[in-house]
Amino acid sequence: MLNREFLDQLKFDEKGLIPVVVQDFYTKQVLTLAYMNRESLQISLEEGMTCFFSRSRQTLWRKGETSGNRQHIVSIQTDCDCDALTIQVIKDGPACHTGEESCFFNCIFADEDQAGFSMEGLYQLIEGRKLEKKEGSYTTYLFEKGLDKILKKVGEECTEVIIGAKNDDNAETTYEIADLAYHVLVLMVERGIRIADIKAELARRHVVDHKVKQEKMQ
């Protein structure tokens, strides 16, 4: 649904540009900061994929035109002053030209006491153990042993989850599911599978399932 009222109120700067914060629809991670002019915004609305204006090249550029890492638009919102946009997207690949999922990956400061847990954060920690081996780390040990060892542990943890559930012990089952989730993340890092890949697959199934339900109701 296009809200023409807010679209007409957008304020572009003296160069005809408006800043755009691009955000992952699934993880809510900020992916990049880019700029649009009226033409690139119109193209984005018409095509349903992000098109920006390059300040360095002074030309339009469709995200993923050469890399294939396109960004499918889910929503576009403006701020209270109508001089900035946020766009939530479903991305086909990394947002950054470096290959990183987000352009914002260089940490300047983080208050470790306030940092909350996230699967993405755990994934990054596990990924770090593979890239920079840490002596005495169990995660590093798994990577050193290789895929067969990792698969063996995933299988063992699956069995432990089943046993916990059969014992009607939720505390034990929760503990074992956490173990399984950790080892699956190790497997994902080993195989180069991102959390975003899993979320995208689940979302695809959800969309397909929703369409099937709608068809049955017709």
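The model shown is predicted, which means the values in this text are computed figures rather than measured ones.

Conventions used here
Residues numbered from 1 in each chain as written. Predicted model: local features only at pLDDT ≥ 70, side-chain atom pairs only at ≥ 80, totals over all residues. Heavy atoms only, no water. Helix = DSSP H or I, 4+ residues; strand = E, 2+ residues; numbered from the N terminus. Rg over C-alpha atoms; globule rule 2.2 N^0.38 Å. Buried < 20%, exposed > 50% of the residue type's maximum accessible area, 1.4 Å probe, protein only. Contact = heavy atoms within 4.5 Å. Salt bridge = Lys/Arg side-chain N within 4 Å of Asp/Glu carboxyl O. Pairing = 2+ DSSP bridges. Axes fitted to C-alpha atoms, helices over the stretch in contact; angles between N-to-C directions. 1 Å grid on protein atoms, 1.4 Å probe; cavity = no way out; pocket = protein on both sides within 12 Å on 5 of 7 lines; lining within 4 Å. Points joined across faces, edges and corners; volume = space filled by probe spheres on them. Nonpolar A, V, L, I, M, F, W, Y, C, P; charged D, E, K, R; others polar. Polar contact = N/O pair within 3.5 Å; in protein donor to acceptor, adjacent residues only side chain to side chain.

> Outline the overall build of the chain, listing residues and values.
From N to C terminus, the chain includes seven helices and six strands. Each helix (α) and strand (β) of the chain, taken in turn from the N terminus, gives the series α-β-β-α-β-β-β-β-α-α-α-α-α. The C-alpha atoms of the chain give a radius of gyration of 22 Å, which is well past the 17 Å a tight globule of 218 residues would have. Dimensions of the chain, computed from the C-alpha atoms along their principal axes, are close to 65 × 55 × 35 Å. Taken across its 218 residues, the chain has 29% of its residues classed as buried. Considering only intrachain contacts with a sequence separation of at least 6, the fraction spanning at least 24 residues in the chain is 47%.

> Could you give an account of the pattern of salt bridges, with specific residues and numbers?
Going through the model one piece at a time under the given rule, you end up with nine salt bridges. Arg62 is the salt-bridge partner of Glu47, the closest N and O atoms lying 3.0 Å from each other. On the criterion of sequence distance, the pair formed by Glu47 in helix 2 (residues 38-47) and Arg62 in strand 4 (residues 59-62) is long-range, its members being 15 residues apart. The partly exposed category is assigned to Arg62, whose relative accessible area is 28%. We note a salt bridge from Glu156 to Lys153, for which the minimum N-O separation is 3.1 Å. Of this pair, Glu156 and Lys153 are both found in helix 5 (residues 147-166), three residues apart, which corresponds to roughly one turn of the helix. Classification of Lys153 by relative accessible area gives buried; the value is 16%.

> Hey, could you go over the sheet that holds strand 1 (residues 18-24) for me, with residue numbers and the actual values?
Pairing in this open sheet of four strands is mixed, and the strands run 2-1-6-5 from one edge to the other. One side of each edge strand has no neighbouring strand; the edge strands of this open sheet are strand 2 (30-36) and strand 5 (71-78). Neighbour to neighbour, the strand axes of the sheet diverge by 25° on average, direction disregarded.

> Give a detailed account of empty space enclosed by the protein, specifying residues and quantitative values.
Taken as a whole and assessed by the stated rule, the structure comprises one cavity of 30 Å³ or more. Size it by volume and the largest cavity reaches roughly 30 Å³. Together, Ile43, Glu47, Met49, Thr50, Cys51, Arg62 and Arg70 line the largest cavity. Along the lines of polarity and charge, the residues of the lining of the largest cavity split into three nonpolar, one polar and three charged.

> Which residues make up the environment of Ser44, and what are the values?
Assignment of secondary structure puts Ser44 in helix 2. A relative accessible area of 1% means that Ser44 is categorised as buried. Remark: the alpha-carbon pair of Ser44 and Glu190, spanning 146 residues in sequence, is separated by 36 Å. Excluding its chain neighbours within four sequence positions, the residues that come into contact with Ser44 are Met36, Met49, Thr50, Cys51 and Ile73. One polar contact links the side chain of Ser44 to the main-chain carbonyl oxygen of Ser40, over a distance of 2.8 Å.

> Give a description of the layout of surface pockets that names residues and reports values.
Rolled over the atoms, a probe as big as a water molecule pinpoints where empty space is left. Considered as a void within the structure, the largest pocket measures approximately 840 Å³ in volume. Taken together, 30 residues form the lining of the largest pocket, with Gln29, Ser118, Glu120, Gly121 and Gln124 sitting closest to its centre. The element best represented in the lining of the largest pocket is helix 3 (residues 119-131), accounting for nine residues. Among the residues forming the lining of the largest pocket, the class breakdown is 13 nonpolar, nine polar and eight charged. Considered as a void within the structure, the second largest pocket measures approximately 490 Å³ in volume. Only helix 1 (4-9), helix 2 and strand 5 provide two or more residues apiece to the lining of the second largest pocket.

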